[in-house]
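So you can see what is in the structure, the chains are spelled out below.
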Amino acid sequence: MKNYLYLENGSVFEGDLLTKSTEKAANGEIVFFTGMTGYQEVLTDPSYKDQIVVFTYPLIGNYGVNENDFESKKPHVAGVVVYEGNMSHSHYQAKNSLGEYLDKWNIPLLSHVDTRAVVKNIRQEGSMQAVITSEEGCTVKPSQGGLTAHVAEVSTKVIESFGEGDKHIVLMDFGYKKSILDSLVQQGCRVSIVPFDTGFEQIKELQPDGILLSNGPGDPKQLEYLLGNLKKIISKFPTMGICLGHQLTALAFGGNTKKMLFGHRGANQPVVDLKTKKVYMSSQNHSYEVDEPSLQGTSLQVRFRNVNDSTVEGLMHEDLPIFTTQYHPEANPGPIESSQLFNDFLQMINDYSGREKAYA
Ligand SMILES: NC(=O)CC[C@H](N)C(=O)O
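Bear in mind the structure is a predicted one, so any value in this text is a computation, not a measurement.

Definitions and limits used
- Residues numbered from 1 in each chain as written.
- Predicted model: local features only at pLDDT ≥ 70, side-chain atom pairs only at ≥ 80, totals over all residues.
- Heavy atoms only, no water.
- Helix = DSSP H or I, 4+ residues; strand = E, 2+ residues; numbered from the N terminus.
- Rg over C-alpha atoms; globule rule 2.2 N^0.38 Å.
- Contact = heavy atoms within 4.5 Å.
- Areas by Shrake-Rupley, 256 points an atom, 1.4 Å probe, with all protein chains shown as cover.
- Lys, Arg positive; Asp, Glu negative; His and termini not counted.
- Charge placed at Lys NZ, Arg CZ, Asp CG, Glu CD.
- Buried < 20%, exposed > 50% of the residue type's maximum accessible area, 1.4 Å probe, protein only.
- UniProt positions renumbered as here; feature names shortened; annotations may be inferred.
- 1 Å grid on protein atoms, 1.4 Å probe; cavity = no way out; pocket = protein on both sides within 12 Å on 5 of 7 lines; lining within 4 Å.
- Pairing = 2+ DSSP bridges.
- Axes fitted to C-alpha atoms, helices over the stretch in contact; angles between N-to-C directions.

Asks: Just to check I follow, could you spell out the overall build of the protein chain for this structure?
Replies: Helix and strand counts for the protein chain come out as eight helices and 19 strands. Computed over C-alpha atoms, the radius of gyration of the protein chain comes to 20 Å, within 12% of the 21 Å expected from 2.2 N^0.38 for 360 residues, which places it in the range of a compact globule. If one aligns the C-alpha atoms of the protein chain with their principal axes, the spans along those axes are about 70 × 45 × 35 Å. In the protein chain, once contacts between residues fewer than 6 apart in sequence are set aside, the share between residues at least 24 apart is 74%. Element-wise, carbon and sulfur atoms account for 47% of the exposed surface of the protein chain, whose accessible area totals about 15,500 Å². The averaged location of the 43 negative side-chain charges in the protein chain is 3 Å from the averaged location of its 32 positive side-chain charges.

What follows is the structure, encoded as structure tokens:
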């Protein structure tokens, strides 16, 4: 069935709707993902909440949707745009086709769109609002600036516990990906997942050995009202921040964040670790970046940098046991070569407890 993708800049693209027609149009910020595989993880990563995702790889859906690769309990994207959507998947683990899965959640899958032309629009003019609809002559309501998806819509409401082990990590849930939890559990940690706005005193009562600030949707500045609480927490306990967690760490220490033209979304973003001079291929999904000049006087230093465009990809604190990454060391989708950072996190926790004892 013919449907259209309308962009905020006036461009219109025709496509075939592979899912059942929904009454209402899908609205959202349009972004593109460049990985060849990993669509199931992308769709269910809460950081993509309310975004329309264009997959640049021209054939999406080959291996269907299985039960193991969900990053959360449901898809969060507003819509999906592909060149060729394969509905006759083939994989021994598949339970649904991509179309069936999206249908279940009333999310449109628009195919046979000239995705290269769409991406050129986004690269030149930046991510913008878009609509998928069967309606002709639709105009797109322009965005009011930043991303409006809020972590409150995806964060847990109750504390949940996973794993066993002698190190206890409190994972502050801004919209965490399941593979972050899995990575910590694999390290032999006991993990408590807590709501994003849990207060310092309550966190202290949980007696964590370390804090993990998760990824999540939206503009990090929407959480400005929480920064005082977050600063107290991460100044007290060894902390690792991932993506939104990285941006919030920068803001909490007085740094700034800004929206990028079209962000980084893919599975092969090169990042250099300035400490070791090694380059890693990384998995990424973000629209905002930490503004490097704003870090002056914050005690935070740039530890990781994007090799393509030199943007800040991670931080470390000069004195406190804190490090962050703008990219995703848990991968999924993408290369697992940065998973070592979860070991480093535990090592940092061990070193810190030794240091605390030495000063006691
Ligand atoms: N994956 C994330 O945590 C994304 C962080 C933030 N919402 C951004 O788009 O930059």
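Here the narrative resumes, following the displayed structure.
Asks: Please explain the side chain of Q51 as it appears in this structure.
Replies: Here Q51 shows up in strand 4 (residues 51-55). The exposure class assigned to Q51 is buried, which follows from its relative accessible area of 2%. In contact with Q51, not counting residues within four places along its chain, are E29, V31, V77, A78, G79, L147, R265 and S287.

Asks: Hey, could you run me through the UniProt feature "binding site: L-glutamine" (unreviewed entry) in the protein chain in this one?
Replies: As annotated by UniProt and renumbered to match this structure, "binding site: L-glutamine" (unreviewed entry) occupies S47, G216, G218, L244, Q247, N285 and Y288. These annotated residues cover 242 residues of sequence, but their C-alpha atoms sit close together, with the largest distance between any two at 13.2 Å. The subset of these annotated residues that lines the largest cavity comprises S47, G216, G218, L244, Q247, N285 and Y288. Judged by its relative accessible area of 13%, G216 falls in the buried class. Not counting chain neighbours up to four residues away, the residues in contact with G216 comprise S47, F174, G175 and L244.

Asks: It is not clear to me how the pairing of strand 18 (residues 312-317) should be interpreted in this structure. Could you clarify?
Replies: Here is the key point about a regular strand: its side chains alternate between the two faces of the sheet. Burial of strand 18 is extensive: five of the six residues sit out of reach of the surface. Both strand 17 (residues 300-306) and strand 18 contribute to a ladder of five bridges, which runs antiparallel. Bridge pairing in strand 18 links R305 to V312. Between strand 17 and strand 18, which follow one another and run antiparallel, lie five residues, and S310 among them has a positive phi close to 65°. Both strand 18 and strand 19 (residues 322-325) contribute to a ladder of three bridges, which runs antiparallel. Directly across from M316, in strand 19, lies its bridge partner F323.

Asks: Sorry, what's going on with the sheet that holds strand 6 (residues 79-81) here?
Replies: Backbone hydrogen bonds hold the strands of a sheet together, and the pairing may be parallel or antiparallel. Pairing is mixed around the closed barrel formed by seven strands, whose spatial order is 1-2-8-6-4-3-9. This sheet shows a mean twist of 35° between the axes of neighbouring strands, independent of strand direction. Both strand 3 (residues 26-33) and strand 4 contribute to a ladder of five bridges, which runs parallel. Bridged to F32 within strand 4 is V54. Each of strand 1 (2-7), strand 2 (12-17), strand 3, strand 4, strand 6 and strand 9 (128-133) is contacted by helix 3 (residues 115-125), which is oriented at about 90° to strand 3, the strand it contacts most.

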